[in-house]
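# Chains, contacts and geometry: an overview
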Amino acid sequence: MEKNVLNLSSMKVNVKSLTLLALIMVSSFLAVSANETSPIANNSEIAVSPEGVIEEEMIFNVQYYNANGDKLSIKILDESGLKLYSNAFTGKNLNKTFKVPADLGKVYLIIQNTVNQIEQKFVISTKNADQLLITSAF
């Protein structure tokens, strides 16, 4: 009988050890994932959403939670590099809709944190007559 109690006791220790190990692994994974979410800031990602091609304009929305209120430079360039839009943003919640002529076919959106010089780039192009395709980086 004593032998069974000893085995049961060591099984409880092994289960506790395995549970603790699993919790450490999961929390480590979550910490690594949280640090890789955005090149602009650690807590938020830039979301660029296509709204479509309406009345011969490519329409897309940019959302970003700028936790530190850092100055962001926002530029839109055409394929030849001509600046179509340039502005700075310093608020905490960026939520802006952009409209550019659809006949351009493709534009580049560049958002740069001017404090740490990190930038994120997007390509916005017409997929067909009424849909946009947005891809990250170029």
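That block above? That's the structure.
So, here's what we can say about the structure. Everything numeric in this text was worked out from a predicted model, so none of it was measured.

## A short note on the pairing of strand E8 (residues 132-136)
When strand E7 (residues 119-126) meets E8, the two strands line up antiparallel, connected through 5 bridges. Paired with Thr126 across the strands is Leu132, a residue of E8. Counted along the chain from E7 to the antiparallel partner E8, the turn is 5 residues long.

## Some remarks on the packing of aromatic side chains
Think of a pair of aromatic rings as described by two things: how far the centres are apart, and how the planes are tilted against each other in angle. Enumeration over the complete set of coordinates arrives at 2 aromatic pairs. Taking the centre distance of 5.6 Å and the plane angle of 25 degrees together, the rings of Phe60 and Phe98 count as stacked. You can see Phe60 sitting in strand E2 (residues 57-65) and its partner Phe98 sitting in strand E5 (residues 93-101), a full 38 residues away along the chain. Summarising the burial analysis for this pair, Phe60 and Phe98 share the class buried. With centroids separated by 5.1 Å and ring planes inclined at 75 degrees, the aromatic side chains of Tyr85 and Phe98 adopt a geometry described as edge-to-face. Residue Tyr85 is found in strand E4 (residues 83-89), and its partner Phe98 is found in strand E5; the two are separated by 13 residues along the sequence. Positioned over the ring face of Phe98 is Lys96, at 5.5 Å from the centre of the ring.

## Some points on unusual backbone geometry
Even without glycine at this site, Glu55 takes up a positive phi of about 50 degrees. Along the polypeptide, Glu55 turns up in the loop between strand E1 (47-54) and E2. Its identity as a non-glycine residue notwithstanding, Glu56 has a phi of 65 degrees, on the positive side. For Glu56, the location among the structural elements is in the loop between E1 and E2. For Glu56, a relative accessible area of 69% translates into the label exposed.

Rules used in this analysis
Residues numbered from 1 in each chain as written. Predicted model: local features only at pLDDT ≥ 70, side-chain atom pairs only at ≥ 80, totals over all residues. Heavy atoms only, no water. Pairing = 2+ DSSP bridges. Helix = DSSP H or I, 4+ residues; strand = E, 2+ residues; numbered from the N terminus. Phe/Tyr/Trp six-rings, centres within 6.5 Å; stacked < 30°, edge-to-face > 60°. Buried < 20%, exposed > 50% of the residue type's maximum accessible area, 1.4 Å probe, protein only. Lys NZ or Arg CZ within 6 Å of the ring centre and 35° of its normal.

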